[in-house]
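Geometric and topological summary
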Amino acid sequence: SALAGLNLNRLASDGSSGGLPFYGPQIAIPLLDAKKDKMYSPRSMVFSSDGKWLYLAGYYHNLNWGNVDWLNAVMRMPYDGSQPPTLWAGDLAQGKSSSEEGKFRMATSIASDSSGRIYVSDYANDRIQVFNSEGKILKVIPCDKPAYVSVHQKTGDIFVFSFLIFESDH
């Protein structure tokens, strides 16, 4: 298993780290022009179908009073930690979002299927984007406000949790 926060942490089913350091490399991304402790942290990650890669999404930073700033990027790194996370899809520029295919407006979660396809919930663009392992867009699935996506590894069924935010004029 892999646990996300500021760093990659590893935990095997037997309670060990599986032969790799438990406390792995940094996976959080520093905010520009901010103190070192101000970071975008991923809230979702998934293994590639072969278990060699981790894909990370949902990079956010809680600004204050529940206001959240999203980094519209999906990162990828080897599970063994031999390389730091690198941009796989989207954009690392803070505050930059897009409705173009392969770009995001709040990439909130990520999933994979047994064939190696990667699914990214693109919340503010009302869609799930499906990529191959090389980052090429395969298809777009329209979906209202997908906050979380998951794929059943045996059946291939796609499960989406949507969360609508209503603004009040009061």
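This report concerns the structure included in the present document. Computed from a prediction, not measured in an experiment: that's the story for all the values here.

1. Description of the overall build of the chain
Each helix and strand counted, the chain has zero helices and 17 strands in total. Looking at the chain residue by residue over its 170 residues, the buried ones come to 41%. Counting contacts in the chain only where the partners sit at least 6 residues apart, residues at least 24 apart contribute 37% of the total. Roughly 9,700 Å² of accessible area belongs to the chain as shown, and the carbon and sulfur atoms make up 52% of that amount.

2. Digging into unusual backbone geometry
One non-glycine residue, Asp126, lies in positive phi territory at about 55 degrees. Looking at the secondary structure, you find Asp126 in the loop between strand S13 (118–122) and strand S14 (127–131). Look at Asp126 and you get partly exposed, because its relative accessible area is 28%. Although it is not a glycine, Lys145 adopts a positive phi angle of roughly 45 degrees. You can see Lys145 is positioned in the loop between strand S15 (137–142) and strand S16 (146–151). Overall, Lys145 belongs to the partly exposed group, its relative accessible area being 23%.

3. A look at the sheet that holds strand S12 (residues 107–112)
A sheet is described by the order of its strands in space; here four strands give the open sequence S12-S13-S14-S15, paired in antiparallel fashion. Of all strands in the sheet, those bounded by a partner on one side alone are S12 and S15. The average angle at which neighbouring strand axes cross in this sheet is 20 degrees, direction not considered. Of the pairings in the sheet, the one linking S13 to S14 comprises five bridges and is antiparallel in character. Bridge pairing links Ser121 to Ile128 in S14.

4. Overview of the environment of Val120
Of note, Val120 is situated in strand S13. Each C-alpha atom of the pair Val120 and Val140 lies 9.7 Å from the other, and the pair is 20 residues apart in sequence. Setting aside its immediate chain neighbours within four residues, Val120 contacts Val74, Phe104, Ala107, Ser109, Ile110, Arg127, Ile128, Gln129 and Phe131.

5. Let's talk about the environment of Val149
Structurally, Val149 can be placed in strand S16. For the pair Val149 and Val120, spaced 29 residues apart in sequence, the C-alpha to C-alpha distance is 7.2 Å. Residues contacting Val149, with those up to four places away along its chain left out, are Ser109, Ile110, Ala111, Tyr119, Ser121, Ile128, Ile158, Phe159 and Val160.

6. Describing the sheet that holds strand S7 (residues 53–57)
Whenever strands of a sheet pair, they do so through backbone hydrogen bonds, lying parallel or antiparallel. Ordered by their spatial adjacency, four strands build an open sheet running S6-S7-S10-S11, and the pairing between neighbours is antiparallel. Either end of the sheet is taken by a strand with one partner, and the two such strands are strand S6 (44–47) and strand S11 (86–90). Averaged over all neighbouring strand pairs, the angle between strand axes comes to 25 degrees, with direction disregarded. Looking at chain direction, strand S10 (residues 73–78) and S11 are connected through four bridges and run antiparallel. Considered in S11, the bridge of Met75 is made with Leu87.

7. As for the pattern of salt bridges
Here the structure, examined in full by the defined rule, presents three salt bridges. Among the salt bridges present, the one from Arg117 reaches Asp113, with a minimum N-O distance of 2.7 Å. Under the relative-accessibility criterion, Arg117 is labelled partly exposed at 34%. Overall, the relative accessible area of 3% leaves Asp113 in the buried class. One salt bridge connects Arg127 with Asp122, and the closest N-O pair in it is separated by 2.7 Å. Like Asp122, Arg127 is buried.

Procedures and definitions
- Residues numbered from 1 in each chain as written.
- Predicted model: local features only at pLDDT ≥ 70, side-chain atom pairs only at ≥ 80, totals over all residues.
- Heavy atoms only, no water.
- Helix = DSSP H or I, 4+ residues; strand = E, 2+ residues; numbered from the N terminus.
- Buried < 20%, exposed > 50% of the residue type's maximum accessible area, 1.4 Å probe, protein only.
- Contact = heavy atoms within 4.5 Å.
- Areas by Shrake-Rupley, 256 points an atom, 1.4 Å probe, with all protein chains shown as cover.
- Pairing = 2+ DSSP bridges.
- Axes fitted to C-alpha atoms, helices over the stretch in contact; angles between N-to-C directions.
- Salt bridge = Lys/Arg side-chain N within 4 Å of Asp/Glu carboxyl O.

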